[in-house]
Amino acid sequence: MGMGGRRNLDRSGQPSDNPDARDGPGPRRSRRRDPVHHLRFLHPAMKRIFSGVQPSGNLHLGNYLGAIRNFVALQADFDCIYCVVDQHAITLWQDPAVLRQRTREVTAGYLAAGIDPKTSIIFNQSQVAAHSQLAWVFNCVTRIGWLNRMTQFKDKAGKNREKASSGLYVYPNLMAADILVYKATHVPVGEDQKQHLELTRDIAQKFNNDYGVEFFPIVEPLIQGAATRVMSLRDGAKKMSSSDPSDAARINMTDDADTVAKKVRRATSDSELLPDPSVVTGEGQFTAAFREARPEAANLMTIFAALTDRSLAEVVADYEGKGFADFKKALTDVAVARLGPMGEEMKRMVSDTGYVDQVLHDGAERAAARAQPIIDEVYDIVGFLRH
């Protein structure tokens, strides 16, 4: 299911060189159902982004630098739809009251980071029924073999696969529906989502082939330079996570300035001087050898570069041969200036549930207006009888 090119899939989901491949009897249909409609989603002016964040834990610095900060930048060039994917969250049991609170918190994080609810659409997934409606259609398009290859199910289910929810197994189909119910053309992807985007592309292509239409776009990944992978402040070999039992291991987006400063000052470092530029590759990343030998140094310098919008090469050149005392002081100042006000604004908005809920309601209405004509046409293509 590579993303490099478009392949034809027959009804059983197998690759085929035949552009009209099918595995059952019956006439072939024309694949050019509505050429004007098809071209609409390819027009540069109509480039559309869809992305979302699960409300399944506290938002932290990794969420901000790895995703939300990029969402803000994309608003200038794309038609952006940003979702709080609360239906994905319940693939693992969630306390209902906590889920509502975290849904508001993610929304506040979007807003505090600079996403404009008038320019972009911000909503929570469960308020737009078209997501679930299209997901069921995709459940009937997707092949079991495709889902069996999804590594995230294996990781999350672990040794208790037989006790995992069926929702956890099929949720890549809901993820594909999230994207395609708006005919999004691009999706920002990190390393852990590439496989799901490949699946989305295959589902779109198979739907088009099965019904002889050019309806869904083949979504393109949007990779914005080198990904910022933020690691734990206590252990540079572990990814920063909301599930880490130590709150000191992460900077929460709701942390105030004093808390941010305290966590940065206490972050694990090492006793060596900071490195020379030889540890940065031609692609602008730290070498694997440096990351393995000095994971905490690599993590803190990566965070500094991301927060200051500078390259790793520039940061390394500035601090070459210096000790961590000077570097941590500079990192503390940067983190407090960048994250402190954001944390205060998030807390203010989370406490004002009326405003956040109104943003979600208004966004859901706008999202539904985009999605409903698409799900209506899907139902017509599939053959569902509608009044």
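Fair warning: this is a prediction, and the values are worked out from it, not measured in the lab.

(A) A look at the overall build of the protein chain. Tallying secondary structure elements over the protein chain gives 15 helices and seven strands in all. Within the protein chain, buried positions represent 49% of all 387 residues. Contacts in the protein chain between residues at least 24 apart in sequence constitute 76% of all its contacts with a sequence separation of at least 6. Of the roughly 18,100 Å² that the protein chain leaves accessible, carbon and sulfur atoms contribute 51%.

(B) Quick look at the packing of helix α12 (residues 295-308) against helix α14 (residues 324-351). In the contact formed by α12 and α14, the axes pass within 10 Å of each other and the chain directions differ by 40°. The angle between α12 and α14 falls in the class oblique. With respect to the hand of their crossing, α12 and α14 are arranged in left-handed fashion. Of the residues in α14, those in contact with Ala 297, Leu 300, Met 301, Ile 303, Phe 304, Ala 306, Leu 307 and Thr 308 of α12 are Phe 324, Phe 327, Lys 328, Ala 330, Leu 331, Val 334, Ala 335, Arg 338 and Leu 339. Taken together, the residues that form the contact of α12 with α14 break down as 14 nonpolar, one polar and two charged.

(C) Spotlight on the side chain of Gln 125. In this structure, Gln 125 sits in the loop between β5 (121-124) and α5 (130-141). Judged by its relative accessible area of 0%, Gln 125 is buried. Here the side chain of Gln 125 touches Asp 86 through a polar contact of 3.3 Å, landing on its backbone nitrogen. In terms of polar contacts, Gln 125 uses its side chain to reach the side chain of Asp 178, at 2.9 Å.

(D) Representation of the pairing of β5 in the model. Where burial is concerned, the two faces of β5 agree: the one with Ile 121 and Phe 123 and the one with Ile 122 and Asn 124 are both buried. Where strand β4 (residues 79-84) lies against β5, four bridges are found, and the strand directions are parallel. Its bridge partner being in β5, Cys 83 is matched across the sheet by Phe 123.

(E) Representation of the pattern of salt bridges. Counting across every chain of the model gives 18 salt bridges. Linking Arg 201 and Glu 220 is a salt bridge whose minimum nitrogen-to-oxygen distance equals 3.5 Å. You can see Arg 201 sitting in helix α9 (residues 194-211) and its partner Glu 220 sitting in strand β7 (residues 220-222), a full 19 residues away along the chain. You can call Arg 201 buried: its relative accessible area is 5%. The partner of Lys 206 in a salt bridge is Asp 210, with the nearest N and O atoms 2.8 Å apart. One end of the pair is Lys 206 and the other is Asp 210, both in helix α9 and four residues apart, which spans about a single turn. Per residue, the accessibility class of Lys 206 equals that of Asp 210, and both read buried. Here the salt bridges share partners, and the residues they tie into one network are Asp 247, Arg 250, Asp 255 and Lys 263.

About the cut-offs
- Residues numbered from 1 in each chain as written.
- Predicted model: local features only at pLDDT ≥ 70, side-chain atom pairs only at ≥ 80, totals over all residues.
- Heavy atoms only, no water.
- Helix = DSSP H or I, 4+ residues; strand = E, 2+ residues; numbered from the N terminus.
- Buried < 20%, exposed > 50% of the residue type's maximum accessible area, 1.4 Å probe, protein only.
- Contact = heavy atoms within 4.5 Å.
- Areas by Shrake-Rupley, 256 points an atom, 1.4 Å probe, with all protein chains shown as cover.
- Axes fitted to C-alpha atoms, helices over the stretch in contact; angles between N-to-C directions.
- Parallel < 35°, antiparallel > 145°, perpendicular 65-115°, else oblique.
- Left-handed = near helix turned anticlockwise from the far one by under 90°.
- Nonpolar A, V, L, I, M, F, W, Y, C, P; charged D, E, K, R; others polar.
- Polar contact = N/O pair within 3.5 Å; in protein donor to acceptor, adjacent residues only side chain to side chain.
- Pairing = 2+ DSSP bridges.
- Salt bridge = Lys/Arg side-chain N within 4 Å of Asp/Glu carboxyl O.

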